[in-house]
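# Per-entry structural report
Residue strings, one per chain:
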Amino acid sequence: MSDSARLIHFLHSSDFLMDSLKTVRDLKLPDCWIAAGLIRNSFWDHLHHLTIPPLKSDIDVIYFDPRDTRQRTEQIYEEKLRSVAPKIEAIFGNWSVKNQARMHQVNRDRPYLDCRDALQHWPETVTALAARLTPEGNIDLLHPFGLDDLYQKRIRPCPYFKEHKLFEFKVRQDKKRWQDRWSDLEILI
């Protein structure tokens, strides 16, 4: 079984993750995905056989819509997710919806082309990971840097961060303290 197939199988096996993917799919946003920590952290908990409550983090929902880049629109979607899925938020953390068509301004980057392009500008290769549920019930994955770092429990900067924002990457690692939960993670710079 390929790494992608194993990750998809894992996502299908979790009622909470599937409920999260269904809830986000129902927003019907263009190029819309759940990204980063929810998937990464849940999978690392699975690899470590952790049964303790999940690490609370933002539930990162990303989409790409250049026609409406107002921050207020993102807040409306967050409010909707909070109202339709409060249990998911209570377990995993706050819903955070971001239109990647505007996030290049926040991150001081060139404009992104789509969500895949935006992920290539995220801090870690293992964080540049997203999943979505199709209308047919299949799971699509986005992982521009592959899944090796996820499976090998490695944290390394994506090429863009390594070249342009390495200091920010290092500060982020100090704040995240992921090794407190998953002691065998390896940070590579």
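The following paragraphs examine the structure supplied in this document.

Cut-offs applied
- Residues numbered from 1 in each chain as written.
- Predicted model: local features only at pLDDT ≥ 70, side-chain atom pairs only at ≥ 80, totals over all residues.
- Heavy atoms only, no water.
- Phe/Tyr/Trp six-rings, centres within 6.5 Å; stacked < 30°, edge-to-face > 60°.
- Helix = DSSP H or I, 4+ residues; strand = E, 2+ residues; numbered from the N terminus.
- Buried < 20%, exposed > 50% of the residue type's maximum accessible area, 1.4 Å probe, protein only.
- 1 Å grid on protein atoms, 1.4 Å probe; cavity = no way out; pocket = protein on both sides within 12 Å on 5 of 7 lines; lining within 4 Å.
- Points joined across faces, edges and corners; volume = space filled by probe spheres on them.
- Nonpolar A, V, L, I, M, F, W, Y, C, P; charged D, E, K, R; others polar.
- Axes fitted to C-alpha atoms, helices over the stretch in contact; angles between N-to-C directions.
- Parallel < 35°, antiparallel > 145°, perpendicular 65-115°, else oblique.
- Contact = heavy atoms within 4.5 Å.

## A closer look at the packing of aromatic side chains
- In this structure the tally under the stated criterion is six aromatic pairs.
- Centroid distance Phe43 to Tyr151: 5.0 Å. Interplanar angle 70 degrees. Geometry classified as edge-to-face. A residue pair is termed long-range when its members are at least 10 positions apart, and Phe43 in helix α3 (residues 37–47) and Tyr151 in helix α8 (residues 148–152) qualify at 108 residues.
- Look at Trp44 and Trp178: their rings are 6.4 Å apart centre to centre, the planes differ by 75 degrees, and that puts the pair in the edge-to-face class. One end of the pair, Trp44, is in helix α3; the other, Trp178, is in the loop between α10 (166–176) and β7 (186–187), with 134 residues separating them in the sequence. Accessibility classification places Trp44 together with Trp178 in one group, the buried group.
- Following the ring pairs from residue to residue traces out a cluster consisting of Phe10, Phe43 and Tyr151.

## Topic: the layout of surface pockets
- Computed from the structure, the largest pocket encloses a volume of approximately 620 Å³.
- Considering the residues around the largest pocket, the lining is formed by 27 residues, among which Asp60, Asn107, Trp122, Pro123 and Arg172 are closest to the centre.
- Here the lining of the largest pocket takes five residues from α10, the largest share from any one element.
- Taken together, the residues of the lining of the largest pocket break down into ten nonpolar, seven polar and ten charged.
- Its boundaries defined by the atoms lining it, the second largest pocket holds a volume of some 300 Å³.
- Considering the residues around the second largest pocket, the lining is formed by 17 residues, among which Ser14, Ser42, Asp45, Pro54 and Phe92 are closest to the centre.
- Only α1 (3–13), α2 (15–25), α3 and α5 (86–92) provide two or more residues apiece to the lining of the second largest pocket.
- At four residues, α3 tops the list of elements feeding residues into the lining of the second largest pocket.
- For the lining of the second largest pocket, the per-class residue count stands at ten nonpolar, six polar and one charged.

## Re empty space enclosed by the protein
- Summed over the entire model, instances satisfying the criterion amount to two cavities of 30 Å³ or more.
- When its volume is computed, the largest cavity comes out at roughly 50 Å³.
- Taken together, Gly37, Leu38, Asn41, Ser42, Leu55, Ser57, Asp58, Ile59 and Phe92 make up the lining of the largest cavity.
- Looking at the lining of the largest cavity element by element, the count peaks at four residues for α3.
- Taken together, the residues of the lining of the largest cavity sort by class into four nonpolar, four polar and one charged.
- Counted as a void, the second largest cavity has a volume near 40 Å³.
- Contributing to the lining of the second largest cavity are Thr125, Val126, Ala128, Leu129, Gly146, Leu147, Asp149 and Leu150.
- Looking at the lining of the second largest cavity, its residues break down into five nonpolar, two polar and one charged.

## What about unusual backbone geometry?
- The backbone phi angle of Arg108 is positive, close to 60 degrees, even though this residue is not glycine.
- The topology assignment puts Arg108 in the loop between α6 (100–107) and α7 (115–119).
- When its relative accessible area of 56% is taken as the criterion, Arg108 is described as exposed.
- Here Arg177, not a glycine, exhibits a phi torsion of approximately 55 degrees, which is positive.
- Among the structural elements, Arg177 can be located in the loop between α10 and β7.
- Arg177 sits in the exposed class, given a relative accessible area of 52%.

## Considering the packing of α1 against α2
- Axis separation between α1 and α2 bottoms out at 5 Å; the angle between their running directions is 95 degrees. Classed by the angle they form, the pair α1 and α2 counts as roughly perpendicular. Across from Phe10, Leu11, His12 and Ser13 in α1, the residues of α2 making contact are Asp15, Leu17 and Met18.
- Across the contact of α1 with α2, the residue classes break down as four nonpolar, two polar and one charged.

Read these as geometric descriptors, not functional statements.
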